[in-house]
Amino acid sequence: MSTVAAYAAPAPKAPLERTTIERRAVGAHDVLIDIKFAGICHSDIHQVNEGWGQGIFPMVPGHEIAGVVVEVGSEVTRHAVGDRVGVGCMVDSCRECDNCLRGFEQYCTGGNTMTYNGVDRRGDVTYGGYSKQIVVDENYVVRIPEGLPLDVAAPLLCAGITVYSPLKHWGVGPGKKVAVVGLGGLGHMGVKIAAALGAEVTVLSQSLRKKDDGLKLGARHYRATSDPATFTELAGTFDVILSTVSAPLDFGAYLGLLRSDGAIVNVGAPEEPISLNLFGLLGGRKTLAGSMIGGIAETQEMLDFCAEHGLGSEIELIGADEINTAYQRVLASDVRYRFVIDTATI
Ligand code: NAP
Ligand code: ZN
Ligand code: ZN
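Going along each chain's sequence as written, the residues are numbered from 1 onward. Labels follow written order: the first chain is A, the first ligand is 1, and so on. For this predicted model, a pLDDT threshold of at least 70 governs which residues receive local features, and a threshold of 80 or more governs which side-chain atom pairs are given and counted, while totals over whole chains, interfaces and linings are taken from all residues. Computation of side-chain values covers all heavy atoms of the structure but excludes hydrogens and water.

Caption draft 1: Region of interest: a nonpolar patch on the surface. On the surface, Phe104, Tyr107 and Met292 cluster together to form a nonpolar patch covering roughly 250 Å² of accessible area. Residue placement: Met292 occurs in the loop between β15 (287–290) and α10 (296–309). Every patch collects residues that have over 30% relative accessible area and no salt bridge, joining them within 9 Å if they carry like charges and within 5 Å if they are nonpolar side chains (Val, Leu, Ile, Met, Phe, Trp, Tyr). For the area figures, the Shrake-Rupley method with a 1.4 Å probe applies, and any residue is considered shielded solely by the protein chains shown. We define a salt bridge as a contact between a side-chain nitrogen of Lys or Arg and a carboxyl oxygen of Asp or Glu at a distance within 4 Å. Only DSSP runs of H or I reaching four residues or more are called helices, and only runs of E reaching two or more are called strands; each is numbered from the N terminus.

This is the structure we're talking about:
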C-alpha cells in the first residue's frame, strides 16, 4: 500500500478538495502509473452531484488518465517501466462473459469495474485520476503512441473512445453525412474523428458562438439548434447523428433530420428521462441507439488512429485548485474543449 495525494469530493455536490488515498501494493499483474494529466469529463460532474444515483464518498473522479509506468509486477508482459500509458473508464471486468471474450469489456455482463465510484473485485473502493499515482491491472492499461503528447492524449481515454466506437460501428466514412450535436469534450473529438474518417460533418450547437472553432476542427457546416430554420432546411439530411448532449434532448425533432435508414446514436448521459413520439421512428425506418465508451483493444486502435491523424484533444490545462471553477464552466457549456488537470499541482 502507498499513500497518494488526490483531489476528492468529500460528499455529494461538495467542492473538491485536496486529500490522500491509499493505493494497493503492486500485484503480479499490476502496473504502477505516475499520473501526469487527468481530463475532466462531464460524467465526473454527474457522479459528484449524484445525478445518476447514489455515489461512494469521498469520491476521487477522473477516467481520462495519461501517465508513465514507474513499476511493474513480476508477471507483467504488456508494459514496461518508462512506457507512456493511459487508463480510461474501466480497470477490470469479468474476463469470461461473451462480451469480454469479444473485446467488449465495456458491456461485461458480469459488470465491469469502474475506474472510480466503483468497488473492485477485491471489494475495495476505486479512486480515479485526480491523483498522483494509480495501480491498474496491465490488461486495462493502453499504450499512448509517441506522436501524441500526454496532455492532449488524456481526454481520448474517454471522450475519444466514446465517439470513435459508435462512429466506426455505424459505418461513418466517405460519402456519409454526419451531424455532431453539442460541441463540448465528446463533441469536438466527434467532429475531428468523423472528419478524419472521411465523412461530411455538420455541427449542431445551441448557438453559432463556436462556429469558427467547429470549422477548424473539421466540420463542413455549422448550424444553431436555437434557429428553427435548422430543422426545416436540414430535414432528411443525415446518415448518422451523434448526440453528445449532457441534458435531455428533443430527439423527436432530430429524427426529422435523418435520411431513411439513418440513426441517431446517443452517447450523452442526461440525469433525466426523455419522452419521445415513436411515430418519428416509423417513417423512414429510423434508429435511435446508444453506445458506451469502447473495449480495451478498440481504445488502443483509437489511440493509434488519433496518433496517425494527429488528433489530440483541444485542451485548457488547469491546476488542481481550479477544478471546482472548471466544473461550473463545463455546466455552463463554457469549455474549449476539455479541461485537463496538470497533476503536478495536486
Ligand atoms: P460537455 O463537454 O459538457 O459537452 C456537452 C455539450 O452539450 C455542451 O458543450 C453543449 O454544446 C451541449 N449542451 C449542454 N447542455 C445542453 C442543452 N441543455 N441543450 C442542448 N445542448 C446542450 O460534456 P462531455 O464531457 O462531452 O459529455 C457529454 C455527455 O456524455 C455527458 O452527459 C456525459 O456524462 C456523457 N458521456 C457518456 C459516455 C458514454 O460512454 N456514453 C462517455 C463519456 C461521457 P453546445 O454549446 O455546442 O450546444
Ligand atoms: Zn468520461
Ligand atoms: Zn465480462
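Caption draft 2: Inspection of the sheet that holds strand β10 (residues 177–181) at higher detail. As summarised here, the arrangement of the six strands in space is β12-β11-β10-β13-β14-β15, forming an open sheet in which the pairing is parallel. Of all the strands in the sheet, just β12 (221–224) and β15 have a single pairing partner and so form its edges. Neighbour-to-neighbour, the strand axes of the sheet open up by a mean angle of 20°, direction not taken into account. Strands were regarded as paired on the criterion that DSSP finds at least two bridges between them. Sheet analysis places strand β11 (residues 200–205) next to β12, joined by four bridges and oriented parallel. The partner of Val203 across the bridge, within β12, is Tyr222. Axis definition: a line fit to C-alpha positions, over the contact stretch in the case of helices; interaxial angles, taken between N-to-C directions, run 0 to 180 degrees.

Caption draft 3: Up close: the coordination of the zinc ion (ligand 3). Around the zinc ion (ligand 3), the protein contributes the donor atoms Cys94 (SG), Cys97 (SG), Cys100 (SG) and Cys108 (SG), which lie 2.3 to 2.4 Å from the metal centre. Counted as donors are N, O and S atoms no farther than 2.8 Å from the metal, or 3.2 Å for Na, K and Ca; water is not among the atoms, and sites may therefore look incomplete. Note on geometry labels: four donors, all angles 85 to 135 degrees, give tetrahedral; four donors become square planar and six octahedral when opposite donors are over 155 degrees apart and every other angle is between 65 and 115; remaining cases are irregular. Coordination at the zinc ion (ligand 3) is tetrahedral, judged from the four donor atoms that bind it and the angles of 102 to 119° they form at the metal. For the zinc ion (ligand 3), the single-chain donor residues occur in sequence as C-x2-C-x2-C-x7-C. Remark: exposure states derive from per-residue accessible area (1.4 Å probe, protein chains only) relative to the maximum for the residue type, with buried under 20%, exposed over 50%, and partly exposed in between. Look at Cys94 and you get partly exposed, because its relative accessible area is 21%.

Caption draft 4: Just α10, in detail. With 14 residues, α10 extends 20 Å from end C-alpha to end C-alpha; this agrees with the ideal 20 Å at 1.5 Å per step. Taken residue by residue, α10 has Ile296, Glu298, Thr299, Gln300, Met302, Leu303, Phe305 and Cys306 as its buried positions. Along its buried surface, α10 packs onto β6 (90–92), β9 (142–143), α4 (159–169) and α5 (185–196). Of the residues flanking the end of α10, it is Gly310, one or two places downstream, whose phi is positive at about 65°. To estimate how far a helix should reach, multiply one less than its number of residues by 1.5 Å. Whether two residues are in contact is decided by their heavy atoms: any pair within 4.5 Å suffices.

Caption draft 5: Here's a closer look at the packing of α4 against α5. Where α4 meets α5, the axes come as close as 8 Å, and the angle between the chain directions of the two elements is 50°. The pairing of α4 with α5 is recorded here as oblique in orientation. Crossing of α4 over α5 shows right-handed handedness. Each of Ala159, Gly160, Thr162, Val163, Tyr164 and Leu167 in α4 lies in contact with α5, whose residues at this interface are Gly185, Leu186, Met189, Gly190, Ile193 and Ala194. For classification purposes, angles smaller than 35 degrees are called roughly parallel, those larger than 145 roughly antiparallel, those between 65 and 115 roughly perpendicular, and all remaining angles oblique. If you view the pair so one helix is near and one far, a crossing is left-handed when the near helix is turned anticlockwise from the far one by less than a right angle, and right-handed when it is turned clockwise.

Caption draft 6: A look at the pairing of strand β13 (residues 238–243). In terms of burial, β13 is largely enclosed, as six of its six residues are buried. Note that β10 and β13 share four bridges and pair parallel. Its bridge partner being in β13, Ala179 is matched across the sheet by Ile241. With five bridges connecting them, β13 and strand β14 (residues 258–266) associate as parallel partners. Within β14, the residue paired with Leu242 across the bridge is Val265.

Caption draft 7: Summary view of the UniProt feature "domain: Enoyl reductase (ER)" (unreviewed entry) in the protein. UniProt tags residues 14–341 as "domain: Enoyl reductase (ER)" (unreviewed entry). Measuring from the first to the last C-alpha atom of residues 14–341 gives 19 Å, for a span that is 25% helix and 25% strand. UniProt positions are given in the numbering used here, feature names are shortened, and annotations may be inferred rather than shown by experiment.

Caption draft 8: Focus on the side chain of Glu298. The topology assignment puts Glu298 in helix α10. Despite being buried, Glu298 has no salt bridge partner; Lys168 is the closest side chain of opposite charge, sitting 7.3 Å away. Pairing of N or O atoms within 3.5 Å defines a polar contact, subject to two protein rules: one partner must be a possible hydrogen donor and the other a possible acceptor, and residues neighboring in sequence count only if both atoms are side-chain atoms. A polar atom in the side chain of Glu298 sits 2.9 Å from the side chain of Ser165. If sequence neighbours within four positions are ignored, Glu298 has contacts with Ile161, Tyr164 and Ser165. All tallies of charge rest on Lys and Arg as positive and Asp and Glu as negative; His and the ends of each chain are not included.

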